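Okay, here's what each chain looks like letter by letter:
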Amino acid sequence: MSEYIHDEKVKKLEVMANAIRQSLIKMLVAAGSGHTAGPLGMADIFTALYFHILKHDPKNPDWSERDRLILSNGHICPIRYAAMAHAGYFPLEELKTLRKFGTRLQGHPERERLPGVETTSGPLGSGLGQAAGIAYGARMDGKKFRVYCAMSDAEHQAGNLWESAMFAGNNKLSNLTGIVDRNNIQINGMTENVMPLEPLRSKYEAFNWHVLEVDGHNIEEFVDAVEESKAIYEKPTVIIAHTIPGKGISEIEFDFKWHGVPPKPEEGVNFLNELRTLGGKIKSEHE
Amino acid sequence: MNKEAYLIKNLTDSNIEKAPTRDGYGKGLVDAGEKDDCVVVLCADLAESTRSHWFKEKFPQRYIELGVAEQNMATIAAGLANYGKIPFISSYAVFSPGRNNEQIRTTISLNNVPVKIAGAHAGISVGPDGATHQALEDIALMRVQPNMTVLVPCDAIEARKATLAAVFCDGPVYLRFGREKSPVFTTNKTPFKIGKAVVFRKGKDVTIAGCGVLLYNALIAAEELSKEGIEAEVINSHTIKPLDIETILNSVKKTGAVVTVEEHQIAGGFGSAVSEVLSQYFPAPQEFIGVRDHFGESGEPDELIKAFGMGVLNIKEAVRRVIKRKA
């Protein structure tokens, strides 16, 4: 499916992104541990991927022609789990098992636990290489599917990632699209204070990538960028998505302290209310 | 000698054919490429010395160059295997599985994808290059990873068989190879099955269990000990994981003592694996031939093997010691 997006579809996706954010808050409160800021910040992009961009079949997760979505920064897996559940990979109810003993929804995602999870990830910097390996193998066999790799910004401090960027550029892996969650935060503070990443665009360009930059909360812009990446034949493409960590919950937005903690139950109630009322703009039927 | 092992007839012949086990890897890769179209070979700027260039010449479309980037080589291979290929990654063991150990752990072992890791230039017999390039901890690194199979072939012929066998082993496999020419003492008829140790020499007084090229020294030691009236049983335990517990236990129950032989740190290596089994099922005196918590250094392979206590004389001494310890 290769299609540009219409206003009506964008509105539907925005409603879905809000529902997915609500699921995120509920599952993180239930888990009692986990990452909050990153998953909220990537909710719009994961919604666009699972409900518009990806060629996939939730009832047949191993379909050989599916697009591959590799999640390199595995710690934001709650957003992947929530999007997958809403897309029909497994019941929404199962989201409550996040991080619990015996769950398929491991704290960091594991390929063999949950169909549709593509790769085991968490340790940073090693997703792009796997995505590039899949893209390389697929091209050897003339496969048409595309490979997407979602990465954090701070993992661009890891050497392995740049080795993979060099490999993908050298091999002109045009069936590979990287997506960088440029939210500027990491555990120890702001990325530009901890170990600066800028100029990120020219770094990728120097590694022979086609680079696009979008507002990561503008679904239309992101979808258009993905469409453009499909039209680039000589290079892999990276979309630097500028996102707000914790997007959708005013108390969490921009605050790096929310990187690796979940909302407490009472906070969860307030956050859900904020999402349901679109920040107080409308009345919630749950009140 | 155990006739069923089909070893060469004149073990002690001074003109014995010698070849490095990495040659067996190179030949095995070509065999593998012919047998299965899914086989691809990756290399990190060491095509000739890992012998992966033989595959490259035959199947250029299935050879992937990584440059000096072993971490990336592991992750690219994980992706290729995830998609459906059977990748072999070739480098020196100090770099792969050394430098890229975490990538192997997460993206290959835990991910459980069938990447075959070939660690060349393992052991102190790398020689003049010195400690930086002499991998002495790779068996330990690999055998502690769940899902991983660990193979240490004893000569070039067995290395070729092990390489091909790795293709048909579902999960990740580590293959260990040496740089230096070593005696070729097995034959095409010598049995090789992953997980099945082979009794090379039958004996009743002591078990010498080993892996890799030092098995030749073990056999020579056993022949010489025979003249002193000590009959050693020599076991080729080419598969460190899964270890052939049955063959080792049966032998030690008969002999009552064991000497383990490996070109590796004693800590965490093959001897440790044997010790873990014996202490649980049949406690027996054990002596360890291997490197004792030291880095290697430059020198000629033979002199290093002797200097670090892994020569024929050292094995014989260990046998005499362990026999004295028998209850």
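Residues numbered from 1 in each chain as written. Chains lettered and ligands numbered in written order. Predicted model: local features only at pLDDT ≥ 70, side-chain atom pairs only at ≥ 80, totals over all residues.

## Concerning the overall build of chain A
Item 1. The helix and strand inventory of chain A stands at 10 helices and 7 strands.
Item 2. Rg of the C-alpha trace for chain A: 18 Å, near the compact-globule value of 19 Å for 287 residues, within the 12% margin.
Item 3. For the C-alpha atoms alone, the extent of chain A along its principal axes is close to 55 × 45 × 40 Å.
Item 4. Across chain A, the fraction of contacts at a sequence separation of at least 24, relative to all contacts at a separation of at least 6, is 76%. (Helix = DSSP H or I, 4+ residues; strand = E, 2+ residues; numbered from the N terminus. Rg over C-alpha atoms; globule rule 2.2 N^0.38 Å. Contact = placed C-beta atoms within 7 Å.)

## What to know about the domain arrangement of chain B
Residue and element names in this part refer to chain B.
Item 1. Split into domains, chain B comes out as domain 1 (3-14 + 189-324) and domain 2 (18-183).
Item 2. If you average the C-alpha positions of domain 1 and of domain 2, the two centres end up 24 Å apart.
Item 3. Listed per partner, the contact involves 31 residues of domain 1 and 32 residues of domain 2.
Item 4. By residue class, the composition of the side of domain 1 that touches domain 2 is 16 nonpolar, 11 polar and 4 charged. (Domains from an automatic or database assignment. Nonpolar A, V, L, I, M, F, W, Y, C, P; charged D, E, K, R; others polar.)

## Comments concerning the packing of helix H3 (residues 70-83) of chain B against helix H5 (residues 101-110) of chain B
Residues and elements named next belong to chain B.
Item 1. The contact between H3 and H5 brings their axes to 9 Å, and the two run at 5 degrees. Comparing the axis directions of H3 and H5 gives the class roughly parallel. Facing Gln71, Ala74, Thr75 and Ala78 of H3, the residues of H5 in contact are Gln103, Ile104, Thr107 and Ile108.
Item 2. The residue inventory of the contact of H3 with H5, partitioned by class, reads 4 nonpolar, 4 polar and no charged. (Axes fitted to C-alpha atoms, helices over the stretch in contact; angles between N-to-C directions. Parallel < 35°, antiparallel > 145°, perpendicular 65-115°, else oblique.)

## Topic: the sheet that holds strand S11 (residues 232-236) of chain B
All names here are of chain B.
Item 1. Here we have 5 strands laid out as an open sheet, ordered S9-S11-S10-S13-S14, and mixed in their pairing. This sheet does not close on itself; its edge strands, each paired only once, are strand S9 (198-201) and strand S14 (286-291). Strand-to-strand, the axes of this sheet are offset by a mean angle of 25 degrees, without reference to chain direction.
Item 2. Sheet topology note: the strand S10 (residues 206-210)/S11 ladder contains 5 bridges and is parallel. (Pairing = 2+ DSSP bridges.)

## Side note on the packing of helix H3 (residues 43-53) of chain A against helix H4 (residues 77-87) of chain A
Residues and elements named next belong to chain A.
Item 1. Interaxial distance between H3 and H4 falls to 10 Å at its minimum, and their mutual angle equals 35 degrees. Taken as a pair, H3 and H4 cross one another with a handedness that is right-handed. Contacts between H3 and H4 involve Ala43, Phe46, Thr47, Tyr50 and Phe51 on the former and, on the latter, Ile79, Arg80, Ala83, Met84 and Ala87.
Item 2. Per-class residue counts for the contact of H3 with H4 are 8 nonpolar, 1 polar and 1 charged. (Left-handed = near helix turned anticlockwise from the far one by under 90°.)

## Brief notes about the interface of chain A and chain B
Item 1. If you look at the interface, chain A gives 21 residues, while chain B gives 21 residues.
Item 2. Broken down by secondary-structure element, the contributors of at least two residues to the side of chain A that touches chain B are helix H5 (127-140) and helix H6 (159-170) of chain A.
Item 3. The element that contributes the greatest number of residues to the side of chain A that touches chain B is H5 of chain A, accounting for 9 residues.
Item 4. A breakdown of the residues in the side of chain A that touches chain B according to their chemical character gives 7 nonpolar, 10 polar and 4 charged.

## Some details on helix H10 (residues 270-281) of chain B
Item 1. Here H10 of chain B spans 17 Å end to end across 12 residues, near enough to the 16 Å set by a 1.5 Å rise per residue.
Item 2. Those residues of H10 of chain B that fall on the buried side of the exposure criterion are Phe270, Gly271, Ser272, Ala273 and Val274 of chain B. (Expected span 1.5 Å × (residues − 1). Buried ≥ 20, exposed ≤ 12 C-beta atoms within 10 Å, placed from the backbone.)

## So, the nonpolar core
Nonpolar side chains in soluble globular proteins tend to be buried together.
Item 1. Among the nonpolar cores identified, the biggest contains 191 residues, and Leu42 and Ile208 of chain B are the most heavily contacted of them.
Item 2. Considering each element in turn, this core owes the most residues, 9 residues, to helix H1 (residues 7-31) of chain A.
Item 3. Residues from two domains meet in this core; each of domain 1 (3-14 + 189-324) and domain 2 (18-183) of chain B gives at least three. (Core = buried A, V, L, I, M, F, W, Y, C linked by C-beta atoms within 7 Å.)

## Things to note about the environment of His35 of chain A
All names here are of chain A.
Item 1. Here His35 shows up in the loop between H1 and helix H2 (37-41).
Item 2. You can call His35 buried: it has 23 C-beta atoms within 10 Å.
Item 3. C-alpha separation for the pair His35 and Ile239, spaced 204 residues apart in sequence, amounts to 23 Å.
Item 4. In this structure His35 touches His75, Ile76, Pro78, His259 and Gly260, once residues within four positions along its chain are discounted.

## Digging into the pairing of strand S7 (residues 173-176) of chain B
Regular strands have side chains that alternate between both faces of the sheet.
Residue and element names in this part refer to chain B.
Item 1. The alternating pattern of S7 places Val173 and Leu175 and Tyr174 and Arg176 on opposite faces, both of which are buried.
Item 2. For strand S5 (residues 116-120) and S7, the ladder comprises 4 bridges, and the chain directions are parallel. Note on S7: the bridge partner recorded for Ala118 is Leu175.
Item 3. Read from strand S6 (residues 149-151) through helix H7 (residues 156-167) to S7, the crossover connection turns out right-handed. (Right-handed = clockwise from strand over helix to strand, strands pointing away.)

## Looking at the confidence of the model for chain B
Item 1. When pLDDT is averaged across chain B, the result is 97; 100% of the residues are at 70 or more.
Item 2. Our summary of model confidence lists the complex with pTM equal to 0.95 and ipTM equal to 0.94. (pLDDT = per-residue confidence, 0-100.)

## Quick notes on unusual backbone geometry
All names here are of chain A.
Item 1. With an omega of 0 degrees, the peptide bond between Glu198 and Pro199 qualifies as cis.
Item 2. Within the secondary structure layout, Pro199 lies in the loop between helix H7 (191-194) and helix H8 (200-206).
Item 3. At Glu118, a position not held by glycine, the phi torsion is positive, near 55 degrees.
Item 4. Its location among the elements puts Glu118 in the loop between H4 and H5.
Item 5. A positive phi angle is found at Lys172, which is not glycine, with a value near 50 degrees.
Item 6. When you line up the elements, Lys172 lands in the loop between H6 and strand S3 (176-182).
Item 7. The class of Lys172 is partly exposed, set by 15 C-beta atoms lying within 10 Å.

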